[in-house]
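The primary structure of each chain is shown beneath.
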Amino acid sequence: MPGGPGRDQRAPMERLVRIAAVLKVAGDRGVGADKLVRVAGFDGEEAMDQLARELRHLRNQGWQIDNIADPGEPGRYRMVTVDNRLRVRLTPAQQRALQRAVLLADRQELGQRLGLTADQTPAEVTPSLRTSEPDDQLATVLSAVRRRCLLRFRYGGRTRQVHPESVRHQNARWYLRAVEVGGDEAKLFVVARMSEVERDAPGTADPVEGERTLALHPMQWKVDPPVQVTVRLEAAYRLDTEHWLGTPADAREDGDELELTYEVTNREALKVRLYDLGSRVRLVGPEDLRKELLDELATVAEGANR
(Lines give C-alpha, C1' and ligand atoms only; values in the text may rest on other atoms or scores of the structure.)
Protein backbone atom coordinates (compact mmCIF):
# COMPACT_ATOMS: atom_id res chain seq x y z
CA MET A 1 0.00 0.00 0.00
CA PRO A 2 1.22 3.59 -0.61
CA GLY A 3 3.26 4.90 2.27
CA GLY A 4 3.47 1.47 3.88
CA PRO A 5 6.47 0.50 6.01
CA GLY A 6 8.00 -1.61 3.25
CA ARG A 7 8.10 1.11 0.65
CA ASP A 8 11.29 3.02 -0.13
CA GLN A 9 10.72 6.57 1.14
CA ARG A 10 13.83 8.13 -0.39
CA ALA A 11 12.49 8.98 -3.85
CA PRO A 12 9.36 10.87 -2.64
CA MET A 13 11.38 12.76 -0.03
CA GLU A 14 14.09 13.65 -2.55
CA ARG A 15 11.40 14.94 -4.92
CA LEU A 16 9.96 17.21 -2.24
CA VAL A 17 13.44 18.47 -1.38
CA ARG A 18 14.15 19.27 -5.05
CA ILE A 19 10.91 21.24 -5.39
CA ALA A 20 11.51 23.15 -2.15
CA ALA A 21 15.11 23.93 -3.11
CA VAL A 22 14.16 25.35 -6.51
CA LEU A 23 11.44 27.49 -4.94
CA LYS A 24 13.84 28.78 -2.28
CA VAL A 25 16.51 29.76 -4.81
CA ALA A 26 13.96 31.54 -7.01
CA GLY A 27 12.91 33.86 -4.18
CA ASP A 28 10.25 36.48 -4.90
CA ARG A 29 10.23 35.92 -8.66
CA GLY A 30 8.81 32.44 -8.19
CA VAL A 31 8.96 29.38 -10.43
CA GLY A 32 6.66 28.43 -13.30
CA ALA A 33 4.54 25.31 -12.93
CA ASP A 34 6.09 23.76 -16.05
CA LYS A 35 9.58 24.00 -14.57
CA LEU A 36 8.45 22.52 -11.26
CA VAL A 37 6.90 19.59 -13.15
CA ARG A 38 10.26 18.94 -14.83
CA VAL A 39 12.13 19.27 -11.53
CA ALA A 40 9.76 16.74 -9.95
CA GLY A 41 10.16 14.35 -12.86
CA PHE A 42 6.44 14.15 -13.68
CA ASP A 43 5.04 13.66 -17.18
CA GLY A 44 1.79 12.79 -18.86
CA GLU A 45 -1.70 14.23 -18.54
CA GLU A 46 -1.73 14.07 -14.75
CA ALA A 47 1.60 15.90 -14.24
CA MET A 48 -0.06 19.10 -12.96
CA ASP A 49 -2.26 17.13 -10.57
CA GLN A 50 0.82 15.35 -9.26
CA LEU A 51 2.58 18.69 -8.78
CA ALA A 52 -0.44 20.05 -6.90
CA ARG A 53 -0.26 17.02 -4.61
CA GLU A 54 3.43 17.66 -3.85
CA LEU A 55 2.82 21.35 -3.16
CA ARG A 56 0.04 20.32 -0.82
CA HIS A 57 2.45 18.05 1.07
CA LEU A 58 4.89 20.95 1.49
CA ARG A 59 2.13 23.26 2.71
CA ASN A 60 0.97 20.63 5.18
CA GLN A 61 4.49 20.64 6.63
CA GLY A 62 4.20 24.40 7.19
CA TRP A 63 5.80 25.93 4.09
CA GLN A 64 4.03 29.01 2.74
CA ILE A 65 3.73 28.55 -1.03
CA ASP A 66 1.61 31.03 -3.06
CA ASN A 67 0.53 31.08 -6.69
CA ILE A 68 1.54 34.59 -7.82
CA ALA A 69 0.45 34.26 -11.45
CA ASP A 70 -2.16 36.66 -12.81
CA PRO A 71 -5.68 35.24 -13.27
CA GLY A 72 -5.86 33.11 -16.39
CA GLU A 73 -2.08 32.74 -16.65
CA PRO A 74 -0.12 29.49 -16.10
CA GLY A 75 0.72 28.83 -12.47
CA ARG A 76 3.78 30.48 -10.94
CA TYR A 77 4.69 29.60 -7.38
CA ARG A 78 6.63 31.50 -4.74
CA MET A 79 7.79 30.07 -1.43
CA VAL A 80 8.19 32.48 1.47
CA THR A 81 11.27 31.53 3.50
CA VAL A 82 9.93 31.30 7.03
CA ASP A 83 10.91 29.09 9.96
CA ASN A 84 7.97 26.81 9.21
CA ARG A 85 8.77 24.12 11.77
CA LEU A 86 8.26 26.60 14.61
CA ARG A 87 4.78 27.33 13.32
CA VAL A 88 4.01 23.62 12.98
CA ARG A 89 5.55 22.22 16.14
CA LEU A 90 5.15 24.92 18.82
CA THR A 91 1.87 25.27 20.66
CA PRO A 92 -0.10 28.53 20.15
CA ALA A 93 1.05 29.73 23.59
CA GLN A 94 4.69 29.01 22.72
CA GLN A 95 4.29 30.78 19.35
CA ARG A 96 2.93 33.89 21.08
CA ALA A 97 5.79 33.84 23.59
CA LEU A 98 8.31 33.56 20.77
CA GLN A 99 6.71 36.49 18.94
CA ARG A 100 6.97 38.61 22.09
CA ALA A 101 10.63 37.63 22.44
CA VAL A 102 11.29 38.71 18.85
CA LEU A 103 9.67 42.07 19.54
CA LEU A 104 11.59 42.52 22.79
CA ALA A 105 14.88 41.69 21.08
CA ASP A 106 14.13 44.07 18.18
CA ARG A 107 15.17 41.34 15.72
CA GLN A 108 13.46 42.28 12.47
CA GLU A 109 15.35 39.67 10.46
CA LEU A 110 14.19 36.96 12.86
CA GLY A 111 10.65 38.26 12.60
CA GLN A 112 10.82 37.82 8.85
CA ARG A 113 12.04 34.22 9.24
CA LEU A 114 9.06 33.57 11.48
CA GLY A 115 6.65 35.09 8.95
CA LEU A 116 5.76 38.07 11.17
CA THR A 117 6.00 40.84 8.57
CA ALA A 118 2.84 42.89 8.13
CA ASP A 119 1.82 41.31 4.82
CA GLN A 120 2.63 37.73 5.84
CA THR A 121 1.40 37.49 9.43
CA PRO A 122 -1.57 35.11 9.68
CA ALA A 123 -4.69 36.80 11.07
CA GLU A 124 -4.86 34.44 14.02
CA VAL A 125 -1.49 35.58 15.41
CA THR A 126 -1.72 39.28 14.63
CA PRO A 127 -3.29 40.24 18.00
CA SER A 128 -0.24 38.95 19.88
CA LEU A 129 1.88 41.63 18.18
CA ARG A 130 -0.43 44.49 19.09
CA THR A 131 -0.20 46.58 22.27
CA SER A 132 -2.72 48.80 23.98
CA GLU A 133 -0.45 51.83 23.58
CA PRO A 134 1.10 53.45 20.50
CA ASP A 135 4.14 51.69 19.15
CA ASP A 136 6.47 54.63 19.81
CA GLN A 137 5.70 54.58 23.56
CA LEU A 138 6.41 50.87 23.97
CA ALA A 139 9.43 51.23 21.68
CA THR A 140 10.87 53.90 23.98
CA VAL A 141 10.51 51.60 26.99
CA LEU A 142 12.06 48.66 25.13
CA SER A 143 14.91 50.82 23.91
CA ALA A 144 15.63 52.00 27.46
CA VAL A 145 15.83 48.38 28.65
CA ARG A 146 18.12 47.27 25.82
CA ARG A 147 20.44 50.29 26.02
CA ARG A 148 20.37 50.62 29.83
CA CYS A 149 18.95 54.16 29.81
CA LEU A 150 17.33 56.03 32.67
CA LEU A 151 13.61 56.22 31.90
CA ARG A 152 11.24 59.09 32.81
CA PHE A 153 7.44 58.99 32.69
CA ARG A 154 4.25 60.10 34.46
CA TYR A 155 2.63 57.33 36.47
CA GLY A 156 0.11 57.35 39.30
CA GLY A 157 -0.16 61.13 39.29
CA ARG A 158 3.55 61.92 39.54
CA THR A 159 6.75 61.91 37.51
CA ARG A 160 8.99 58.86 37.90
CA GLN A 161 12.65 58.32 37.05
CA VAL A 162 13.67 54.67 37.01
CA HIS A 163 16.49 52.24 36.24
CA PRO A 164 14.75 49.73 33.87
CA GLU A 165 15.51 46.01 34.03
CA SER A 166 13.07 44.14 31.78
CA VAL A 167 9.75 44.23 29.94
CA ARG A 168 7.32 41.35 29.99
CA HIS A 169 3.85 40.57 28.63
CA GLN A 170 1.30 38.99 30.95
CA ASN A 171 -2.51 38.92 31.08
CA ALA A 172 -2.71 40.97 27.85
CA ARG A 173 -0.59 43.79 29.32
CA TRP A 174 3.01 44.96 29.01
CA TYR A 175 4.88 45.47 32.30
CA LEU A 176 8.15 47.25 33.00
CA ARG A 177 10.26 46.00 35.90
CA ALA A 178 12.45 48.80 37.25
CA VAL A 179 13.86 50.48 40.36
CA GLU A 180 13.05 54.13 41.01
CA VAL A 181 16.00 56.49 41.43
CA GLY A 182 16.70 56.70 45.16
CA GLY A 183 14.85 53.47 45.86
CA ASP A 184 16.11 49.93 46.42
CA GLU A 185 13.10 47.75 45.54
CA ALA A 186 12.16 46.65 42.03
CA LYS A 187 8.59 47.47 41.01
CA LEU A 188 6.31 46.60 38.12
CA PHE A 189 4.79 49.43 36.07
CA VAL A 190 1.97 48.91 33.56
CA VAL A 191 3.21 50.43 30.29
CA ALA A 192 -0.35 51.31 29.23
CA ARG A 193 -0.66 53.61 32.27
CA MET A 194 2.50 55.60 31.51
CA SER A 195 2.51 58.99 29.82
CA GLU A 196 5.19 61.48 28.73
CA VAL A 197 7.68 58.63 28.32
CA GLU A 198 11.28 59.70 27.64
CA ARG A 199 14.66 58.01 27.98
CA ASP A 200 18.11 59.41 28.78
CA ALA A 201 21.39 58.55 27.04
CA PRO A 202 22.54 54.92 26.79
CA GLY A 203 24.44 53.67 29.85
CA THR A 204 22.87 56.12 32.30
CA ALA A 205 20.88 53.45 34.18
CA ASP A 206 22.31 51.17 36.86
CA PRO A 207 21.93 47.37 36.69
CA VAL A 208 18.93 46.05 38.61
CA GLU A 209 19.74 43.20 40.97
CA GLY A 210 17.45 40.41 42.07
CA GLU A 211 14.91 38.59 39.96
CA ARG A 212 16.11 37.75 36.46
CA THR A 213 13.97 38.26 33.40
CA LEU A 214 12.73 35.13 31.61
CA ALA A 215 15.16 33.64 29.12
CA LEU A 216 14.44 34.70 25.56
CA HIS A 217 15.97 31.59 23.99
CA PRO A 218 13.07 29.12 23.50
CA MET A 219 15.24 26.14 24.50
CA GLN A 220 15.36 27.60 28.03
CA TRP A 221 11.62 28.13 28.42
CA LYS A 222 10.36 26.09 31.39
CA VAL A 223 8.20 23.65 29.43
CA ASP A 224 9.78 20.25 30.17
CA PRO A 225 11.96 18.80 32.94
CA PRO A 226 15.62 19.76 32.39
CA VAL A 227 17.69 17.36 30.33
CA GLN A 228 21.37 17.33 29.36
CA VAL A 229 21.65 17.22 25.56
CA THR A 230 24.93 16.51 23.77
CA VAL A 231 25.62 17.15 20.09
CA ARG A 232 28.72 16.27 18.08
CA LEU A 233 30.00 18.33 15.16
CA GLU A 234 33.01 19.31 13.13
CA ALA A 235 34.79 22.34 14.59
CA ALA A 236 34.03 24.29 11.39
CA TYR A 237 30.31 24.19 12.26
CA ARG A 238 30.65 25.58 15.78
CA LEU A 239 29.45 29.10 14.87
CA ASP A 240 26.44 27.73 13.02
CA THR A 241 25.57 25.48 15.95
CA GLU A 242 25.89 28.20 18.57
CA HIS A 243 23.82 30.53 16.37
CA TRP A 244 20.89 28.10 16.60
CA LEU A 245 21.44 26.43 19.98
CA GLY A 246 23.13 29.23 21.92
CA THR A 247 26.19 29.09 24.16
CA PRO A 248 26.77 25.54 25.45
CA ALA A 249 27.04 24.68 29.11
CA ASP A 250 30.11 22.59 28.27
CA ALA A 251 32.37 22.10 25.23
CA ARG A 252 34.87 19.28 24.71
CA GLU A 253 37.33 18.93 21.85
CA ASP A 254 37.93 15.52 20.30
CA GLY A 255 40.40 15.81 17.44
CA ASP A 256 38.75 17.77 14.63
CA GLU A 257 35.35 17.45 16.27
CA LEU A 258 33.55 19.01 19.22
CA GLU A 259 31.00 17.78 21.69
CA LEU A 260 28.73 20.51 23.01
CA THR A 261 26.39 20.01 25.96
CA TYR A 262 23.23 22.02 26.62
CA GLU A 263 20.69 22.03 29.42
CA VAL A 264 17.31 22.06 27.69
CA THR A 265 13.87 22.63 29.21
CA ASN A 266 11.95 22.87 25.92
CA ARG A 267 12.45 19.76 23.81
CA GLU A 268 10.31 20.93 20.88
CA ALA A 269 12.35 24.12 20.46
CA LEU A 270 15.55 22.04 20.50
CA LYS A 271 14.21 19.68 17.83
CA VAL A 272 13.27 22.56 15.54
CA ARG A 273 16.84 23.86 15.68
CA LEU A 274 18.34 20.44 15.12
CA TYR A 275 16.23 20.14 11.97
CA ASP A 276 17.59 23.50 10.81
CA LEU A 277 21.18 22.43 11.44
CA GLY A 278 20.61 19.18 9.54
CA SER A 279 23.71 17.10 8.88
CA ARG A 280 26.01 19.69 10.44
CA VAL A 281 25.41 18.15 13.88
CA ARG A 282 24.77 14.67 15.27
CA LEU A 283 22.65 14.19 18.36
CA VAL A 284 24.64 12.04 20.79
CA GLY A 285 22.19 11.88 23.66
CA PRO A 286 20.00 11.34 25.49
CA GLU A 287 18.85 8.16 23.74
CA ASP A 288 15.13 8.76 24.28
CA LEU A 289 15.39 12.08 22.43
CA ARG A 290 17.28 10.41 19.58
CA LYS A 291 14.49 7.86 19.21
CA GLU A 292 11.87 10.63 19.35
CA LEU A 293 13.56 12.46 16.47
CA LEU A 294 13.87 9.32 14.36
CA ASP A 295 10.20 8.46 14.90
CA GLU A 296 9.13 11.97 13.87
CA LEU A 297 11.22 11.88 10.70
CA ALA A 298 9.75 8.49 9.79
CA THR A 299 6.23 9.88 10.29
CA VAL A 300 6.97 12.89 8.07
CA ALA A 301 8.37 10.65 5.34
CA GLU A 302 5.32 8.38 5.48
CA GLY A 303 2.88 11.32 5.40
CA ALA A 304 4.62 12.88 2.39
CA ASN A 305 4.09 9.67 0.45
CA ARG A 306 0.35 9.35 1.02
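Presented here is a report on the structure given in the accompanying data block. A quick note: this is a predicted structure, and the numbers were derived from the prediction, not measured.

### A short note on the sheet that holds strand 10 (residues 250-254)
Phase 1 of the analysis: Spatially, 10-11-9-12 is the arrangement adopted by the four strands of the open sheet, whose pairing is antiparallel. The open sheet is flanked by strand 10 and strand 12 (281-285), the only strands paired with a single partner. The sheet shows a mean angle of 25 degrees between the axes of neighbouring strands, taken without regard to direction.
Phase 2 of the analysis: As paired strands, strand 9 (residues 227-234) and strand 11 (residues 257-264) are joined by eight bridges and run antiparallel to one another. Bridge pairing in strand 11 links Thr230 to Thr261.

### Some words on a positive patch on the surface
Phase 1 of the analysis: On the surface, a cluster of positive charge is contributed by Arg29, Lys35, Arg38 and Arg76.
Phase 2 of the analysis: Among the secondary structure elements, Arg38 is positioned in helix 2 (residues 33-40).
Phase 3 of the analysis: With relative accessibility at 61%, the residue Arg38 sits in the exposed group.

### Quick notes on the packing of helix 2 against helix 3 (residues 47-60)
Phase 1 of the analysis: Following both chains from N to C, one finds helix 2 and helix 3 inclined at 80 degrees, their axes separated by 10 Å at the closest point. What the angle tells us is that helix 2 and helix 3 run roughly perpendicular. Taken together, the residues of helix 3 that come into contact with helix 2 (itself represented by Ala33, Asp34, Leu36 and Val37) are Ala47, Met48 and Leu51.
Phase 2 of the analysis: Tallied by class, residues from the contact of helix 2 with helix 3 come to six nonpolar, no polar and one charged.

Cut-offs used in this document
- Residues numbered from 1 in each chain as written.
- Predicted model: local features only at pLDDT ≥ 70, side-chain atom pairs only at ≥ 80, totals over all residues.
- Heavy atoms only, no water.
- Pairing = 2+ DSSP bridges.
- Helix = DSSP H or I, 4+ residues; strand = E, 2+ residues; numbered from the N terminus.
- Axes fitted to C-alpha atoms, helices over the stretch in contact; angles between N-to-C directions.
- Patch = residues over 30% accessible without salt bridge, like charges linked within 9 Å, V, L, I, M, F, W, Y side chains within 5 Å.
- Areas by Shrake-Rupley, 256 points an atom, 1.4 Å probe, with all protein chains shown as cover.
- Salt bridge = Lys/Arg side-chain N within 4 Å of Asp/Glu carboxyl O.
- Lys, Arg positive; Asp, Glu negative; His and termini not counted.
- Charge placed at Lys NZ, Arg CZ, Asp CG, Glu CD.
- Buried < 20%, exposed > 50% of the residue type's maximum accessible area, 1.4 Å probe, protein only.
- Parallel < 35°, antiparallel > 145°, perpendicular 65-115°, else oblique.
- Contact = heavy atoms within 4.5 Å.
- Nonpolar A, V, L, I, M, F, W, Y, C, P; charged D, E, K, R; others polar.

The values reported here are purely geometric and, on their own, carry no functional implication.
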